[in-house]
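Now for the letters of each chain:
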Amino acid sequence: GDPNWYDGAYHSPYYKETHKAWRARCRKFVEEHIMPNVSEWEVNKAIPKDAYIKCYEAGLLPVVVGPHSGAFDLVPAEAPQDLDYFHELIFVDE
């Protein structure tokens, strides 16, 4: 299940609306592009390059290298508002 701060049962002053929107964006990508393929990738023991390209095109990949890396300055992707380490954690969690 989801952590309690995802469903509003626990209020965190650090988990903001930008985090909720980012989580929804990441989860949508995972449900559409990752979950349908994960069994095949497990059998092949590899994730195809196309999966990374789709992640990049969705504007998610720069978060992998962290909010202070400047990665969003290098690619045509919009960083989440007030990008911080929680956005990176959400990406990894999803």
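None of these values were measured; they are calculated from a predicted model.

### Notes on the overall build of the chain
When helices and strands are counted, the chain shows five helices and zero strands. The N-to-C order of helical and strand elements in the chain reads α-α-α-α-α.

### Remarks on the nonpolar core
Core analysis: the biggest nonpolar cluster contains nine residues, these being Tyr15, Trp22, Cys26, Phe29, Cys55, Leu60, Val63, Ile90 and Phe91. Breaking this core down by element, the ones donating at least two residues are α1 (17-34) and α5 (85-93). Tallying contributions element by element places α1 first for this core, with three residues. What Cys26 contacts, discounting residues up to four positions off in sequence, is Leu60, Phe91 and Glu94.

### Focus: the packing of aromatic side chains
Tallying each qualifying case throughout the model produces one aromatic pair. Taken together, a centroid distance of 6.3 Å and an interplanar angle of 20 degrees make the contact between Tyr14 and Phe86 stacked. Residue Tyr14 is found in the segment before α1, and its partner Phe86 is found in helix α5; the two are separated by 72 residues along the sequence. Looking at Phe86, the relative accessible area reads 36%, which means it is partly exposed.

### Concerning the side chain of His87
As for its position among the elements, His87 is in helix α5. Beyond its immediate stretch of four places on either side in the chain, His87 contacts Thr18, His19, Trp22, Val63, Pro80, Gln81 and Asp82.

### A look at the state of the cysteines
This model, assessed by the stated rule, comprises zero disulfides. Left unpaired, Cys26 is separated from the closest cysteine sulfur, that of Cys55, by 7.9 Å. Classification of Cys55 by relative accessible area gives buried; the value is 8%.

### Some thoughts on unusual backbone geometry
Here Lys45, not a glycine, exhibits a phi torsion of approximately 55 degrees, which is positive. You can see Lys45 is positioned in the loop between α2 (38-44) and α3 (49-57).

### Some details on the packing of α1 against α5
Here α1 crosses α5 at 25 degrees, and the two axes come no closer than 9 Å. Overall, the two elements α1 and α5 adopt an arrangement that is roughly parallel. Relative to α5, the crossing made by α1 is right-handed. Between α1, through Thr18, His19, Trp22, Arg23 and Cys26, and α5, the contact on the second element is made entirely by Phe86, His87, Ile90 and Phe91.

Parameters and conventions
- Residues numbered from 1 in each chain as written.
- Predicted model: local features only at pLDDT ≥ 70, side-chain atom pairs only at ≥ 80, totals over all residues.
- Heavy atoms only, no water.
- Helix = DSSP H or I, 4+ residues; strand = E, 2+ residues; numbered from the N terminus.
- Core = buried A, V, L, I, M, F, W, Y, C linked by side-chain atoms within 4.5 Å.
- Buried < 20%, exposed > 50% of the residue type's maximum accessible area, 1.4 Å probe, protein only.
- Contact = heavy atoms within 4.5 Å.
- Phe/Tyr/Trp six-rings, centres within 6.5 Å; stacked < 30°, edge-to-face > 60°.
- Disulfide = S-S within 2.5 Å.
- Axes fitted to C-alpha atoms, helices over the stretch in contact; angles between N-to-C directions.
- Parallel < 35°, antiparallel > 145°, perpendicular 65-115°, else oblique.
- Left-handed = near helix turned anticlockwise from the far one by under 90°.

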